[in-house]
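Descriptive structure summary
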Amino acid sequence: MDPALLLIILFNIGITVEAMTGALAAGERRMDLIGVLVVATVTAFGGGTVRDLLIGRYPLIWVANPELLLLTSIAALIMVAIARFARQLEKTFLALDALGLATFTIVGAQRAMDVGHGLAIASIMGVITGVAGGILRDMLCNRIPLAFRSELYATVSIVAVWLFLIMDYLGVSDALSIPITLVFGFAFRMLALKFHWVVPTFVYQARQHD
Amino acid sequence: MDPALLLIILFNIGITVEAMTGALAAGERRMDLIGVLVVATVTAFGGGTVRDLLIGRYPLIWVANPELLLLTSIAALIMVAIARFARQLEKTFLALDALGLATFTIVGAQRAMDVGHGLAIASIMGVITGVAGGILRDMLCNRIPLAFRSELYATVSIVAVWLFLIMDYLGVSDALSIPITLVFGFAFRMLALKFHWVVPTFVYQARQHD
Amino acid sequence: MDPALLLIILFNIGITVEAMTGALAAGERRMDLIGVLVVATVTAFGGGTVRDLLIGRYPLIWVANPELLLLTSIAALIMVAIARFARQLEKTFLALDALGLATFTIVGAQRAMDVGHGLAIASIMGVITGVAGGILRDMLCNRIPLAFRSELYATVSIVAVWLFLIMDYLGVSDALSIPITLVFGFAFRMLALKFHWVVPTFVYQARQHD
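First things first, this report covers the structure right here in the doc. (Residues numbered from 1 in each chain as written. Chains lettered and ligands numbered in written order. Predicted model: local features only at pLDDT ≥ 70, side-chain atom pairs only at ≥ 80, totals over all residues. Heavy atoms only, no water.)

Brief notes about the relation of the copies chain B and chain A
Between the two chain copies there is a screw-like relation: a rotation about an axis and a shift along it. After a rotation of 120° and a shift along the axis of 0.0 Å, chain B superposes on chain A with an RMSD of 0.0 Å. Expressed as an axis order, the relation between the two copies is that of a three-fold axis. Within chain B, Asn 142 of chain B has its C-alpha nearest the rotation axis, a separation of 3.9 Å. An overlap of only 18% is found between the interface residues of chain B and their copies at the interface of chain A, pointing to separate contact surfaces. (Least-squares fit on C-alpha atoms with pLDDT ≥ 70 in both. Contact = heavy atoms within 4.5 Å.)

Some thoughts on the relation of the copies chain B and chain C
Overlaying chain B on chain C yields an RMSD of 0.0 Å, the required transformation being a rotation through 120° with an accompanying axial translation of 0.0 Å. Comparing interface residues between copies, only 17% of those in chain B also sit at the interface in chain C, which points to a heterologous contact through distinct surfaces.

Thoughts on the nonpolar core
With 202 residues, the main nonpolar core has Trp 62 and Met 125 of chain A, Trp 62 and Met 125 of chain B together with Trp 62 and Met 125 of chain C as its most contacted residues. With residues up to four places along the chain from it excluded, the contact list for Trp 62 of chain C reads Leu 54, Ile 121, Ile 124 and Met 125 of chain A together with Phe 45, Thr 49 and Leu 69 of chain C. (Core = buried A, V, L, I, M, F, W, Y, C linked by side-chain atoms within 4.5 Å. Buried < 20%, exposed > 50% of the residue type's maximum accessible area, 1.4 Å probe, protein only.)

Let's talk about the interface of chain B and chain A
Counting from both sides, the interface comprises 34 residues of chain B and, opposite them, 35 residues of chain A. Taken together, both faces of the contact between chain B and chain A bury some 2,900 Å²; the carbon and sulfur share is 68%. It is Phe 148, Phe 202 and Tyr 204 of chain B that lose the most area in chain B upon contact with chain A, and together they represent 29% of the buried surface on that side. Summed over the shared surface of chain B and chain A, the result is zero salt bridges. Our count for the contact surface shared by chain B and chain A stands at five residue pairs in polar contact (both at pLDDT 80 or more). Contributions of two or more residues to the side of chain B that touches chain A are made by α2 (33-55), α6 (119-140) and α7 (153-169) of chain B. (Buried area = accessible area lost by both parts, 1.4 Å probe. Salt bridge = Lys/Arg side-chain N within 4 Å of Asp/Glu carboxyl O. Polar contact = N/O pair within 3.5 Å; in protein donor to acceptor, adjacent residues only side chain to side chain. Helix = DSSP H or I, 4+ residues; strand = E, 2+ residues; numbered from the N terminus.)

Here we look at helix α7 (residues 153-169) of chain C
Along its 17 residues, α7 of chain C runs 25 Å from first to last C-alpha, staying within 8% of the 24 Å computed at 1.5 Å per residue. Close packing links the buried residues of α7 of chain C with α2 of chain B together with α1 (3-28), α5 (90-114), α6 (119-140) and α8 (174-194) of chain C. Of the residues flanking the end of α7 of chain C, it is Gly 171 of chain C, one or two places downstream, whose phi is positive at about 90°. (Expected span 1.5 Å × (residues − 1).)

Topic: the environment of Ile 15 of chain B
Residues and elements named next belong to chain B. By the element assignment, Ile 15 lies in helix α1 (residues 3-28). Through-space distance from the C-alpha of Ile 15 to that of Tyr 204 is 35 Å; in sequence the pair is 189 residues apart. The residues touching Ile 15, leaving out its near neighbours within four places in the chain, are Ala 44, Phe 45, Leu 68, Leu 71, Thr 72 and Phe 104.

What about the pattern of salt bridges?
Once the charged atoms of two side chains with opposite charge are near each other, the side chains can pair. Tallying each qualifying case throughout the model produces twelve salt bridges over all chains. One salt bridge connects Arg 137 of chain B with Asp 138 of chain B, and the closest N-O pair in it is separated by 3.1 Å. Note that Asp 52 of chain C is salt-bridged to Arg 51 of chain C, the shortest N-O span being 2.9 Å. Given a relative accessible area of 1%, Arg 51 of chain C falls into the buried group. Through salt bridges with shared partners, a single ionic network connects Arg 51, Asp 52 and Arg 111 of chain A.

Section: unusual backbone geometry
With an omega of -5°, the peptide bond running from Tyr 58 of chain B to Pro 59 of chain B counts as cis. For Pro 59 of chain B, the position within the fold is in the loop between α2 and α3 (61-64). For Arg 30 of chain A, which is not a glycine, the phi torsion comes out positive at approximately 55°. One can find Arg 30 of chain A in the loop between α1 (3-28) and α2 (33-55). Its identity as a non-glycine residue notwithstanding, His 196 of chain B has a phi of 55°, on the positive side.

Looking at the interface of chain B and chain C
By a widely used convention, the size of an interface equals the accessible area lost when the partners come together. Counting residues at the interface gives 35 residues for chain B and 34 residues for chain C. Carbon and sulfur atoms make up 68% of the area that chain B and chain C hide from each other, which totals about 2,900 Å². Considering only the surface of chain B that becomes buried against chain C, Asp 32, Ile 34 and Arg 87 of chain B emerge as the three largest contributors, covering 20% of it. In this structure, the connection of chain B to chain C is made through zero salt bridges. Put simply, chain B and chain C have five residue pairs in polar contact (both at pLDDT 80 or more) between them. Elements supplying a minimum of two residues to the side of chain B that touches chain C: α1, α2, α3, α4 (67-81) and α6 of chain B. Partitioned by chemical class, the residues of the side of chain B that touches chain C number 23 nonpolar, four polar and eight charged. (Nonpolar A, V, L, I, M, F, W, Y, C, P; charged D, E, K, R; others polar.)

Quick word on the packing of aromatic side chains
In the structure shown here, the tally under the stated rule is 15 aromatic pairs over all chains. Here Phe 184 of chain B and Phe 188 of chain B contribute two aromatic rings whose centre-to-centre distance is 5.5 Å and whose plane-to-plane angle is 45°, an arrangement assigned as tilted. In this pair, Phe 184 of chain B and Phe 188 of chain B both sit in helix α8 (residues 174-195), four residues apart, roughly one turn of the helix. Among the residues examined, Phe 184 of chain B registers a relative accessible area of 31% and is labelled partly exposed. Among the residues examined, Phe 188 of chain B registers a relative accessible area of 17% and is labelled buried. An aromatic cluster is present here, built from Phe 184, Phe 188, Phe 195 and Trp 197 of chain A joined pairwise through their rings. The residue whose ring lies beneath Lys 194 of chain A is Phe 195 of chain A, and the NZ or CZ to ring-centre distance is 5.8 Å. (Phe/Tyr/Trp six-rings, centres within 6.5 Å; stacked < 30°, edge-to-face > 60°. Lys NZ or Arg CZ within 6 Å of the ring centre and 35° of its normal.)

So, a nonpolar patch on the surface
Residues and elements named next belong to chain A. Among the surface-exposed residues, Leu 119, Ile 158, Val 159, Trp 162, Ile 166, Tyr 169 and Leu 170 lie close enough to one another that they form a single nonpolar patch of about 670 Å² accessible area. Looking at where Ile 158 falls in the secondary structure, it is placed in helix α7 (residues 153-169). Ile 158 gets classed as partly exposed once you look at its relative accessible area, which sits at 31%. (Patch = residues over 30% accessible without salt bridge, like charges linked within 9 Å, V, L, I, M, F, W, Y side chains within 5 Å. Areas by Shrake-Rupley, 256 points an atom, 1.4 Å probe, with all protein chains shown as cover.)

Side note on the packing of α2 of chain A against helix α5 (residues 90-114) of chain A
Residue and element names in this part refer to chain A. It is at 11 Å that the axes of α2 and α5 come closest, and there the two elements cross at 20°. With respect to their mutual orientation, α2 and α5 come out roughly parallel. When the axes of α2 and α5 are compared, the crossing they make is right-handed. Judged by residue contacts, Ala 44, Arg 51, Asp 52 and Ile 55 of α2 engage Phe 104, Gly 108, Arg 111 and Ala 112 from α5. The residue inventory of the contact of α2 with α5, partitioned by class, reads four nonpolar, one polar and three charged. (Axes fitted to C-alpha atoms, helices over the stretch in contact; angles between N-to-C directions. Parallel < 35°, antiparallel > 145°, perpendicular 65-115°, else oblique. Left-handed = near helix turned anticlockwise from the far one by under 90°.)

Overview of the side chain of Thr 181 of chain C
All names here are of chain C. By the secondary structure assignment, Thr 181 is in helix α8. Given the relative accessible area of 0%, Thr 181 is considered buried. Look past the residues within four positions of Thr 181 in its chain and what remains in contact with it is Ala 102, Ile 106, Ala 160, Leu 163, Phe 164 and Met 167.

Side note on the side chain of Thr 21 of chain C
Residue and element names in this part refer to chain C. Structurally, the position occupied by Thr 21 is in helix α1. With relative accessibility at 19%, the residue Thr 21 sits in the buried group. Sequence-distant contacts of Thr 21, defined by excluding residues within four places in its chain, comprise Thr 43 and Arg 137.

Right under this line is the structure:
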């Protein structure tokens, strides 16, 4: 399959899944349906939006393609309808989310390189695209971002983006580097979940200040 | 009255009232006067600022008109001075806030259309302008945004913006569509408050993860 | 010493110290090392990033100079390594942070004036540059921003920026106005800490709404 087409398909799956995780997070905080739609939308498009604001690239993807907002809104409402099955579907979600993470990371790095940024900024924009949506979701829901506390989430994005960028730098064609990065990112995240790999935690006990 | 002039007057009332609600929220969190001014300013201008960042429209309104910041700062300080009467004034505030919500919504949609966006993006920018200031206020004050949990707040903005856009699309002149939208939005919000209309809430109990 | 060079040196010290305070805040919330790096980076560059987004000035400083991200990441990791000594170093940190606050304030005001903004916006951009990084840090760590509750933090930035801008307006050369502002800002903040000067707090008890 054409790697660009593959990325587009996976991107659409990715925003759909991200919207669904946003809907569930809003439900945990007993938000109303509007809140559900807002949190779902921010989760789905937050990463790309932050990236494009930081590099000053307009129009934003969802502004240029507002039909994507319809897709994520419907996904969020479906999630509300099937929430009772959410726990049974948990593994499916985690797998799709892992695929989305790898996809967003690649798309983000590409978009930064498209406008002339070097490897350092491309890698950062890839990771921001991968994880910032989830971080904004958690801030809207008033909880410590899970990305900083769960099994290798941002780490997967970081390793995947460098794998992709190094292949790109070495002249590996997209037709090869994109599938390899997707498979690697997906497998890495799934293994981290299975074996509970975590990044070492930094615990610091300050004096009381509030 | 000229509808453009009416909007300007209502816009100034709107940012004044928003600044006052921001000041009260800061007071609930025992912030100092600087915090009060920051939260008031973010509440008053946050919606328009988020909108203009998302569509890349510069300069921002308050950057082009910094005297507006003086207006909202004074409003916030007055609120601090008269806080003891805040509860008696609650109904007045809610009425002015309802008017501000409708005003911001119209202004936001207009500003997106000004730079060539279609109905979908104009409606979203209208709603963002209407509600994002309050959401940022609640995030700064570390609480779940009330916009997602109270009586038809964002919903009023959504219905009002589509009423306005459909009239605009059908060729209704601003002199008619703006007052109609304002009256409708105001009445809708006041009725929602009076009869405690709410959007259905989505409650989801996840497994313990923290 | 050339005042521009002095500012650059102090700017680098400032982002280093800010990154370290971000690392400690992440440690208080038991984040993993990725979270530590993210919070450190946001703390160090958040103020300048918010400023440049608000005035639409691209590229952002750290996008143009990604090696700065290496500096702050290393600073954050060093902080993790020496966290056990953090309390003994507390006074050193507070002093360096005070210097950073004054530095960021001047740099922010200059950058706004560079693109043609007047005194009002330059002063606001100076203060945003000085304090927004810490506010974002506290939002990521899910706590009420300390900038609104501790000893004269934002106030120092506000007074310092006006001191600097008035000297600039009166034609005082940078070689004089920059060192004066730095010394003043530093001394003001240190005195505020020593004598526990605070801005009056606004306490408002709302009715129960959640």
